[in-house]
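Fold and geometry: a report
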Amino acid sequence: MATQSVVAARPAISPFERYLSVWVALCIVGGIALGHAAPRLFALIAAAEVARVNLPVAVLIWLMIIPMLLKIDFGAIGSVKQHWKGVGVTLFINWAVKPFSMAALGTVFIGWLFAPLLPSAEIPSYIAGLIILAAAPCTAMVFVWSNLCEGEPNYTLSQVALNDLIMVFAFAPIVGLLLGVAAITVPWDTLLLSVVLYILVPVIIAQLLRRATLARGGQSALDSLLKVLGPISLVSLLTTLVLLFGFQGEQILAQPLVIALLAVPILIQVYFNAGLAYWLSRRFGVAWCVAAPAALIGASNFFELAVAAAISLFGINSGAALATVVGVLVEVPVMLSVVSIVKKSRGWYEQGAAA
């Protein structure tokens, strides 16, 4: 019961988060303008690398990820058996469908249909970025989506914790496999370094900090810490985007359709995976309060990790990094639309689930 009360008490989406796409759009404009105004500064930042890891961006990404991972209680994994059908549906979508469907959509749309409209040298990198985006299931923002659709809090917490645990072991092999299938050279040393830097180490730091905070002051102390770190996480995300678009500015101005074209496969795969998760849950008789967050977890992405991995693998000014940033741009409005759909279809869902 303690876990349920903690998750249920999480606030709904804040005004800042609700308009995240607006802030991202402003970062696009600001980043491009700053890139033109201070090219030497951006060149200096780009040169601050060790083993292909950009140090300023690495710090920003840790500031993004660790506050989100602080919300995860890995002890909740033991409760997955209470909602095993919903957990099974989401695991199937996250790990057996979403990365592979995105690889197919990226190949069809970016590698074929839209290829004449895109810079040919960047097409493999764009596809790689889309694959990386889809291979990272969402974590922290899922709590917001679940609250908005009145989802079962114990299921949401246990599913996110389980996904984070699986991600430590499965992210690199799946990304490596799909990049290989897409005929993109896989820098395995850099990929494994990305997993260590942006998944394993932040998970360990976050869990140690979480336990120390709970031991010192209980849940109230953790909530206070999250209130402080939450804005830092979002500011770090937006700062990273300014840097990315500072480097990407020339390419974006030369190809203004790039962002819109990259958004097409992302939008299709979000609605496809959400719909498939929702339909499967209905077929298996899963309660709506579990099916709703299952659809959202199955569709959304851990875009902070995706941005980090794309930068680490392909560079801060790569097409892969740009593709993951487009995921940030469309995430909030698209997921809010999915929340609206599952809430409006509750009557239809429960009639079928009962039957």
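Just so you know, these numbers come straight off a predicted model, no measurement behind them.

With that settled, consider the overall build of the chain. Helix and strand counts for the chain stand at 15 helices and two strands. Counting over 355 residues, the chain shows a buried share of 57%. Relative to all contacts within the chain whose residues are 6 or more apart in sequence, the contacts with residues 24 or more apart total 86%. Counting every atom, the chain has about 14100 Å² of accessible surface; 71% of that belongs to carbon and sulfur.

All right, on to the confidence of the model for the chain then. Counting all residues, the mean pLDDT for the chain is 82, and 88% of those residues have values of 70 or more. Ignoring residues within four places in sequence, the model shows residues 1-11, a span with pLDDT below 50, making 16 contacts including any to other chains.

Attention shifts here to the pattern of salt bridges. Summed over all chains, the structure comprises two salt bridges. The salt bridge partner of arginine 346 is glutamate 150, with a shortest N-O separation of 3.6 Å. Here arginine 346 is found in helix 15 (residues 346-354), whereas its partner glutamate 150 is found in the loop between helix 8 (140-148) and helix 9 (153-181), with 196 residues between them in sequence. Owing to a relative accessible area of 32%, arginine 346 belongs among the partly exposed residues under this scheme. Linking arginine 346 and glutamate 350 is a salt bridge whose minimum nitrogen-to-oxygen distance equals 3.0 Å. Here glutamate 350 and arginine 346 lie together in helix 15, a separation of four residues that amounts to about one turn. Bridged by salt links that share partners, the residues Glu150, Arg346 and Glu350 form one connected network.

Before going further, it helps to examine the nonpolar core. If you look at the biggest cluster of nonpolar residues, it comprises 124 residues, and the most contacted ones within it are Ile110, Phe171 and Leu241. The leading source of residues in this core is helix 10 (residues 188-254), at 16 residues. Discounting residues that sit within four places of it in the chain, phenylalanine 171 has contacts with Ile132, Ala135, Ala136, Ile166, Leu191, Val195, Ile199, Leu305 and Ala309. Among the nonpolar cores identified, the runner-up in size contains six residues, and Val89, Ile93, Leu276 and Ala277 belong to it.

Running from N to C, helix 6 (residues 84-113) and helix 11 (residues 258-283) point in directions that differ by 150 degrees, and their axes come no closer than 9 Å. Considering the angle they form, helix 6 stands roughly antiparallel to helix 11. By crossing handedness, the relation of helix 6 to helix 11 is classed as right-handed. In terms of residue class, the contact of helix 6 with helix 11 is made up of 18 nonpolar, five polar and one charged.

With that out of the way, let us pick up the environment of aspartate 223. Among the structural elements, aspartate 223 can be located in helix 10. Its relative accessible area of 34% is what places aspartate 223 among the partly exposed residues. In this structure, the C-alpha to C-alpha distance between aspartate 223 and leucine 70, residues 153 residues apart in sequence, is 10.0 Å.

It is worth spelling out the packing of aromatic side chains at this point. Using the criterion set out here, one finds three aromatic pairs in the structure. Taking the centre distance of 5.6 Å and the plane angle of 50 degrees together, the rings of phenylalanine 109 and phenylalanine 114 count as tilted. Under the relative-accessibility criterion, phenylalanine 109 is labelled buried at 17%. Its relative accessible area of 15% is what places phenylalanine 114 among the buried residues. Look at tyrosine 278 and tryptophan 348: their rings are 6.2 Å apart centre to centre, the planes differ by 40 degrees, and that puts the pair in the tilted class.

To continue, consider the side chain of serine 318. Here serine 318 lies in the loop between helix 13 (303-314) and helix 14 (319-344). Side-chain polar atoms of serine 318 contact the backbone oxygen of glycine 315, separated by 2.8 Å. Side-chain polar atoms of serine 318 contact the backbone nitrogen of alanine 321, separated by 3.1 Å.

Thresholds, definitions, all that
- Residues numbered from 1 in each chain as written.
- Predicted model: local features only at pLDDT ≥ 70, side-chain atom pairs only at ≥ 80, totals over all residues.
- Heavy atoms only, no water.
- Helix = DSSP H or I, 4+ residues; strand = E, 2+ residues; numbered from the N terminus.
- Buried < 20%, exposed > 50% of the residue type's maximum accessible area, 1.4 Å probe, protein only.
- Contact = heavy atoms within 4.5 Å.
- Areas by Shrake-Rupley, 256 points an atom, 1.4 Å probe, with all protein chains shown as cover.
- pLDDT = per-residue confidence, 0-100.
- Salt bridge = Lys/Arg side-chain N within 4 Å of Asp/Glu carboxyl O.
- Core = buried A, V, L, I, M, F, W, Y, C linked by side-chain atoms within 4.5 Å.
- Axes fitted to C-alpha atoms, helices over the stretch in contact; angles between N-to-C directions.
- Parallel < 35°, antiparallel > 145°, perpendicular 65-115°, else oblique.
- Left-handed = near helix turned anticlockwise from the far one by under 90°.
- Nonpolar A, V, L, I, M, F, W, Y, C, P; charged D, E, K, R; others polar.
- Phe/Tyr/Trp six-rings, centres within 6.5 Å; stacked < 30°, edge-to-face > 60°.
- Polar contact = N/O pair within 3.5 Å; in protein donor to acceptor, adjacent residues only side chain to side chain.

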